Structure formats: C-alpha cells, structure tokens
Amino acid sequence: MGGIVEWTDSLLTGIDEIDQQHQTLFTCLERLEKTVSFEERWSAVHFALDEVENFTRIHFVVEEALLRLHAYPLLAAHILEHRLFISKLEKLKEQSLRADVSDNLVKLLKDWLINHIGKTDSHYVTHLRTAPVAAVTLP
Ligand SMILES: [Fe+2]
Ligand SMILES: [Fe+2]
C-alpha cells in the first residue's frame, strides 16, 4: 500500500492477454519502487530495472505482433513510442551502475506507462475488435 506504483482497472483494455501483461509490468515496477525506496544496494535496483526492461520487451513484441496481425494503421507510431521507452529504460539502467536511481525516476516510468496504456494502447482496442485478421502471405 501507499506506493506510487498502483494498478488501476481504468487501464483495462478488455483483451485478456494484454491486460495480464500490463498488470505484470506494474508488478515489476512495484518491485523496482520498493528497491529504490528502501534504498537497497545498487545491484538490487539494477536487477529490478533489468526485470522491468526484460518484461517490457516481451510485452512490446507480443503487442506489436498482435497489431501487425490486425493491420493496425497506427502501428509505426506505436512502435516508435515503444522504442523510445526502451531506450529510456536502457539509459536508466546504465545510470543505475553509477548513481542512485531516485523515486522521481520510478515515477517517470510509471507516468509513461499509465499514459501509454491509457491513451496509445487504448486506441487500438476498437480496431482489434472490429478489424479482421489480415491475410498472411507466405513466401
Ligand atoms: Fe501495452
Ligand atoms: Fe503499446
């Protein structure tokens, strides 16, 4: 309780697999928040950041594959947002080897996630529900 990282059901997309992954991302962020606020050793913070990054990568791959499958028209812009977040995470992970990661940085990650899930991800929900799976052309 009381942490800055909290899942809210208003972020649900109604697509089960995506919702489960989004919730897991929040769980990873909560762990990161705890290591930072309890001032655990830099290695614990680095490990928690690594976990956030790894799971984020998995989620982005799944989400992008799903959007590709449904020929989502805003896919390129969506992928770009994902890439920018990954590079933010990479930079932070590198910094965590040299300096302490602050509560503020965890808050930035959380704000990005809430904004991305609540706005950018929510845009594809109607499309996935209405657009048929695009024809797959085999080589
Ligand atoms: Fe997402
Ligand atoms: Fe996304």
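The structure under discussion appears in the preceding block.
Residues numbered from 1 in each chain as written. Chains lettered and ligands numbered in written order. Predicted model: local features only at pLDDT ≥ 70, side-chain atom pairs only at ≥ 80, totals over all residues.

### Concerning the packing of helix 3 (residues 75–95) against helix 4 (residues 103–130)
- Direction vectors running N to C along helix 3 and helix 4 enclose 170 degrees, while the axes themselves pass 12 Å from each other. With respect to helix 4, the axis of helix 3 lies roughly antiparallel. Each of His78, Glu81, Phe85 and Leu92 in helix 3 lies in contact with helix 4, whose residues at this interface are Leu105, Trp112, His116 and Thr120. (Axes fitted to C-alpha atoms, helices over the stretch in contact; angles between N-to-C directions. Helix = DSSP H or I, 4+ residues; strand = E, 2+ residues; numbered from the N terminus. Parallel < 35°, antiparallel > 145°, perpendicular 65-115°, else oblique. Contact = placed C-beta atoms within 7 Å.)

### Considering the nonpolar core
- Grouped together as the largest cluster of nonpolar side chains are 16 residues, with contacts concentrated most on Leu29, Leu32, Leu49, Val52 and Val106.
- When contributions to this core are tallied by element, the ones reaching two or more residues are helix 1 (16–37), helix 2 (42–69) and helix 4.
- At 5 residues, the largest contribution of residues to this core is made by helix 1.
- Discounting chain neighbours no more than four positions away, the residues touching Val106 are Ile4, Val5, Leu29, Leu32, Glu33 and Val36. (Core = buried A, V, L, I, M, F, W, Y, C linked by C-beta atoms within 7 Å. Buried ≥ 20, exposed ≤ 12 C-beta atoms within 10 Å, placed from the backbone.)

### Description of helix 4
- An ideal rise of 1.5 Å per residue puts 40 Å on 28 residues; helix 4 measures up with 41 Å between its terminal C-alpha atoms.
- Residue Ser122 marks the point of greatest curvature in helix 4, where the axis turns by about 35 degrees.
- Every buried residue of helix 4 is accounted for by Val106, Leu109, Lys110, Leu113, Ile117, Asp121 and Tyr124.
- Close packing links the buried residues of helix 4 with helix 1 and helix 2. (Expected span 1.5 Å × (residues − 1). Bend = angle between axes of the 7 residues up to and from the residue.)

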